Amino acid sequence: MDDVIILEAERHRIQELEFEELQIEEEVGGLDATGAGSSDDFTFNTFLASLHTYLGEVEDTHHRLAFLDGGAVLNLPLFFLEGVVLFPEATLPLRVVQPNFISAVERALVQVESPYIVGVVRAYRDSDSDNRQLRFATVGTTAEIRQYRRLEDGSLNVVTRGQQRFHLKRHWIDVEGMPFGEVQIIHEDIPLRTPKDAFGKLPPLSNLRSHRLSCVPPSNSSSLGYGHNDSDSDTNLEESFDSVLSSAGMRIHQSALNSCYYGYNAMDESTSSDDDMLMSQTEMRSTRSHLSESKGPLYLDTGKNVDNTTSEIGTSSDLAKKGVGSKSFWKNTDLNQFHKAPRAFWPHWVYRMYDSYCLAERAADMWKQVVGAPSMDGLVRKPDLLSFYIASKIPVSEETRQELLEIDGISYRLRREIGLLESFDVVQCKTCKTVIAQRSDMVVMSTEGPLGAYVNSHGYVHEIMTLQKANGLALIGRAIVEYSWFPGYAWTIAECASCETQMGWLFTATKKKLKPQSFWGIRSSQVGDDTR
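Okay, so let's go over this structure. (Residues numbered from 1 in each chain as written. Predicted model: local features only at pLDDT ≥ 70, side-chain atom pairs only at ≥ 80, totals over all residues. Heavy atoms only, no water.)

1. Side note on the packing of aromatic side chains
We apply this condition: Note on aromatic pairs: the rings of Phe, Tyr and Trp (six-membered ring only in Trp) are paired at centre separations within 6.5 Å, and the planes decide the class, stacked below 30 degrees, edge-to-face beyond 60, tilted for the rest. In DSSP terms, a helix is any run of H or I states spanning at least four residues, a strand is any run of E spanning at least two, and both are numbered starting from the N terminus. For each residue, the accessible area found with a 1.4 Å probe, counting protein chains only, is set against the maximum for its type, and the residue is called buried under 20%, exposed over 50%, and partly exposed in between. Here, a charge over a ring is recorded when the distance from Lys NZ or Arg CZ to the ring centre is within 6 Å and its angle to the ring normal is within 35 degrees.
Considering all chains together, one arrives at 16 aromatic pairs under this definition. With centroids separated by 5.0 Å and ring planes inclined at 80°, the aromatic side chains of Trp 485 and Trp 505 adopt a geometry described as edge-to-face. A residue pair is termed long-range when its members are at least 10 positions apart, and Trp 485 in the loop between strand S15 (473–480) and strand S16 (489–496) and Trp 505 in strand S17 (residues 502–509) qualify at 20 residues. With relative accessibility at 5%, the residue Trp 485 sits in the buried group. In this structure Trp 505 comes out as buried when scored by relative accessible area, which is 7%. An aromatic cluster is built from Phe 44, Tyr 454, Trp 485, Phe 486, Tyr 489, Trp 505, Phe 507 and Phe 519, whose rings are joined through pairwise contacts. For Arg 193, the ring lying beneath its charged end belongs to Tyr 357, and the centroid distance is 3.8 Å.

2. Side note on the sheet that holds strand S18 (residues 518–523)
Convention followed: Paired strands are those between which DSSP finds at least two bridges. The axes are straight lines fitted to the C-alpha atoms, using for helices just the contacting stretch, and the angles between their N-to-C directions are given from 0 to 180°.
Taken together, the 6 strands give an open sheet; going across it, the order is S13-S14-S18-S17-S16-S15, and neighbouring strands pair in antiparallel fashion. Of all strands in the sheet, those with a lone pairing partner are strand S13 (451–455) and S15, marking the two edges. Sheet twist, expressed as the average angle between the axes of neighbouring strands with direction ignored, equals 35°. Sheet topology note: the S15/S16 ladder contains 5 bridges and is antiparallel. Across the sheet, the residue bridging to Ala 474 is Glu 495, located in S16.

3. With respect to the packing of helix H16 (residues 398–406) against helix H17 (residues 410–423)
Test applied: Angular relationships are summarised with four words: roughly parallel below 35 degrees, roughly antiparallel beyond 145, roughly perpendicular across 65 to 115, and oblique for the angles in between. A clockwise turn of the near helix away from the far one marks a right-handed crossing, whereas an anticlockwise turn of less than a right angle marks a left-handed crossing. In this description, contact between two residues means that some pair of their heavy atoms is separated by no more than 4.5 Å.
Where H16 meets H17, the axes come as close as 9 Å, and the angle between the chain directions of the two elements is 155°. Accordingly, the angle class assigned to the pair H16 and H17 is roughly antiparallel. Judged by the twist between their axes, the crossing of H16 over H17 is left-handed. On the side of H16, the interface is formed by Thr 400, Glu 403 and Leu 404, while H17 contributes Arg 413, Arg 416, Glu 417 and Leu 420.

4. Describing the environment of Leu 109
Mapped onto the elements, Leu 109 comes out in helix H3 (residues 99–110). Take Leu 109: its relative accessible area is 19%, and that puts it in the buried class. Between the C-alpha atom of Leu 109 and that of Ile 145, which follows or precedes it by 36 residues, the distance is 8.1 Å. Setting aside chain neighbours within four positions, we find Leu 109 in contact with Tyr 116, Ile 145 and Tyr 148.

5. Examining the sheet that holds strand S19 (residues 527–528)
If you walk across this open sheet you meet the 3 strands as S12-S11-S19, and the pairing is antiparallel. Edge positions in the open sheet fall to strand S12 (435–438) and S19, since each of these has one partner strand only. Here strand S11 (residues 426–429) pairs with S12 via 3 bridges, running antiparallel. The residue bridging Val 427 from the neighbouring strand is Ala 437, located in S12.

6. Regarding the packing of helix H13 (residues 356–371) against H17
As a reminder, the rule being used: Polarity classes work like this: nonpolar for Ala, Val, Leu, Ile, Met, Phe, Trp, Tyr, Cys and Pro, charged for Asp, Glu, Lys and Arg, and polar for all others, with Gly in that last group.
It is at 9 Å that the axes of H13 and H17 come closest, and there the two elements cross at 25°. Comparing their axes, H17 and H13 come out roughly parallel. In the crossing of H13 with H17, the sense of the turn from one axis to the other is left-handed. Between H13 and H17, the contacting residues are Ser 356, Leu 359, Ala 360, Arg 362, Ala 363, Met 366, Trp 367 and Val 370 on the first element and Ile 410, Ser 411, Leu 414, Arg 415, Ile 418, Leu 421 and Glu 422 on the second. A class-by-class count of the residues in the contact of H13 with H17 yields 10 nonpolar, 2 polar and 3 charged.

7. Section: the side chain of Gln 111
Of note, Gln 111 is situated in the loop between H3 and strand S4 (117–125). Ignoring sequence-local partners within four residues, the contact set of Gln 111 consists of Asn 75, Leu 76, Pro 77 and Ile 117.

8. Some details on the nonpolar core
Stated precisely, the cut-off is as follows: Definition of nonpolar core: a set of buried residues of the types Ala, Val, Leu, Ile, Met, Phe, Trp, Tyr and Cys, connected through side-chain atoms within 4.5 Å.
Of all hydrophobic cores here, the largest spans 47 residues; its most connected members are Ile 394, Trp 520 and Ile 522. Ranked by residue count, the leading element in this core is H13, at 8 residues. Residues in contact with Ile 522, not counting those within four places in the same chain, are Ile 436, Glu 463, Ile 464, Met 465, Leu 467, Leu 473, Met 503, Gly 504 and Val 527.

9. Comments concerning the pairing of strand S8 (residues 179–185)
Of all 7 residues in S8, 6 are buried, a share of seventy percent or more. Two elements, strand S7 (residues 156–173) and S8, share 7 bridges in a ladder whose sense is antiparallel. Each bridged residue has a counterpart across the sheet, and for Arg 170 the counterpart in S8 is Glu 182. Hairpin connection between S7 and S8: a loop of 5 residues separates the two successive antiparallel strands, and Gly 177 in this loop has a positive phi of roughly 85°.

10. What to know about helix H15 (residues 383–393)
Counting buried residues along H15, 8 of its 11 residues qualify, which places the element largely inside the surrounding structure. All of the buried residues along H15 are Pro 383, Leu 386, Ser 387, Phe 388, Ile 390, Ala 391, Ser 392 and Lys 393. In this structure, the buried side of H15 is in contact with S7, H13, helix H14 (377–380), H16, H17 and S13.

11. Here we look at the pairing of S11
Burial along S11 is two-sided: Val 426 and Gln 428 facing one way and Val 427 and Cys 429 facing the other are all buried. Connecting the antiparallel pair S11 and S12 is a turn made up of 5 residues, with Lys 433 showing a positive phi of about 65°.

12. Here's the deal with the environment of Tyr 351
Following the sequence through the fold, Tyr 351 ends up in helix H12 (residues 348–354). On the accessibility criterion, Tyr 351 (17% relative accessible area) is buried. Here the alpha-carbon distance between Tyr 351 and Pro 195, two residues 156 residues apart in the chain, equals 8.7 Å.

13. Quick notes on the pattern of salt bridges
Where we set the bar: The rule for a salt bridge is simple: a side-chain nitrogen of Lys or Arg has to be within 4 Å of a carboxyl oxygen of Asp or Glu.
Following the criterion strictly, the structure yields 16 salt bridges and no others. The partner of Arg 165 in a salt bridge is Glu 188, with the nearest N and O atoms 2.7 Å apart. On the criterion of sequence distance, the pair formed by Arg 165 in strand S7 and Glu 188 in the loop between S8 and strand S9 (199–201) is long-range, its members being 23 residues apart. Judged by relative accessible area, which is 1%, Arg 165 ranks as buried. A salt bridge links Glu 399 to Lys 430; the nearest nitrogen and oxygen atoms lie 2.6 Å apart. Taken together, the residues span a long stretch of sequence, with Glu 399 in helix H16 and Lys 430 in the loop between S11 and S12 at a distance of 31 residues. The class of Glu 399 is partly exposed, set by a relative accessible area of 32%. Three or more residues are tied together by salt bridges with common partners; here these are Arg 122, Glu 398, Glu 399 and Lys 430.

Here it is as structure tokens:
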């Protein structure tokens with residue numbers, strides 16, 4: 001109870017502060033060349049936007065539901081929202097004004113099976129039909145009611161948080177007019193990690209050269225020196241690995257080992273840099289041997305044939321032309337990557353393509369470059385949460401974000417997000433394809449990131465991305481201070497100057513000392529993906 005009193009007092013204190021005296025509490029460094037200005041350009045407290053103070057005082061439900069088991073089937077009140085894709089861990093504010101949805105919230109607060117839980121599903125208009133029929137996505141997210149308040153007119157202000165994905169099996173309207181649906185909770189996989197025994201540390205080259213008199217390839221992996229001969233644990237590990245391979249798998253595995261062995265036999269007594277270069281070429285020959293003899297699931301997913309793979313890796317002559325072997329080349333190359341011998345079907349780089357933790361590091365680095373976000377080390381250690389976080393904030397169209405929600409598999413979702421971050425360059429109108437902003441125009445105005453959900457006084461939820469500048473937009477009407485999503489800013493409706501589609505709003509500061517003095521909020525539902 002004391003915590004609640006303190007929280008409410010803090011909310012009142014923030015609201016009563018003069019906005020020109022606000023000091024930024026949490027640095028959201030503006031993006032630099034890849035994202036927004038410096039921290040000197042900000043005096044706005046980005047924490048205010050995440051509080052959704054425009055909803056007024058809301059009461060905490062003090063209820064936190066344990067996660068439901070994957071595969072569980074249950075009936076939930078449903079919210080079908082146009083232009084909104086809710087992800088686990090994302091915040092969704094609601095202004096409930098329609099009687100049937102008010103009844104749905106009230107039912108959720110008292111239901112026994114899953115109290116305080118509603119289902120959120122994206123609704124969209126069928127662009128292929130003339131009548132623009134309203135359709136519903138088949139994958140949605142459960143939302144837990146964290147805060148709510150009943151107003152004098154009977155409407156409700158609600159703050160929810162995404163919990164778990166589900167498949168929508170069927171939906172209906174009950175006798176009281178409430179939308180309901182039968183949903184099945186999706187069983188989430190665990191992050192993938194490269195098997196510990198898939199690769200072994202190679203011995204020093206001097207040890208390998210001692211075997212040059214022998215022309216018979218080793219019969220098992222221990223002969224290559226993956227472990228010490230006096231280490232029973234390493235020997236048992238290798239034997240256990242070999243024992244689970246099929247006959248075809250053993251041939252592939254032995255081929256890789258033989259490639260490594262003969263590569264070492266061919267080594268001369270030249271410089272250490274030549275040794276490292278030959279080791280690199282040996283691993284590449286082993287890679288080609290794997291790819292030419294096996295076509296497993298990972299091979300099919302990469303979408304590359306053997307010829308393409310060989311051409312990408314390159315031959316010895318190709319490497320020489322590119323300067324491989326020169327001192328400058330090896331000085332800038334991490335040689336540790338060449339000191340691992342494969343004990344499995346695929347080389348090390350293939351496993352890294354699907355290692356959730358490697359992908360999480362790469363996605364976090366790219367996100368920081370694009371958005372200018374602070375350190376994400378905590379989320380990198382939780383690839384599942386990171387994949388949902390990026391999906392909920394990435395500035396792409398709602399169709400693409402729905403696609404991300406429907407992807408099963410953490411690694412596959414992260415790979416798709418990395419591809420989107422690599423290709424993301426411009427923000428354009430969905431209707432007429434007019435470019436209205438560049439990636440470098442993004443600015444973070446909320447602690448929740450560059451894209452977030454907000455609800456207006458009429459109950460319409462909008463997911464908007466914030467930009468420090470935009471082109472090709474026309475302002476409609478006057479600036480309004482009431483019900484502003486960003487305290488201290490007035491909002492003005494903005495339309496695309498070419499097709500007159502409402503793209504979002506211009507937010508202008510009401511105080512001279514509040515920075516930035518203006519920024520744009522663009523609706524993600526009106527943004528088209530850059531396909532160039």
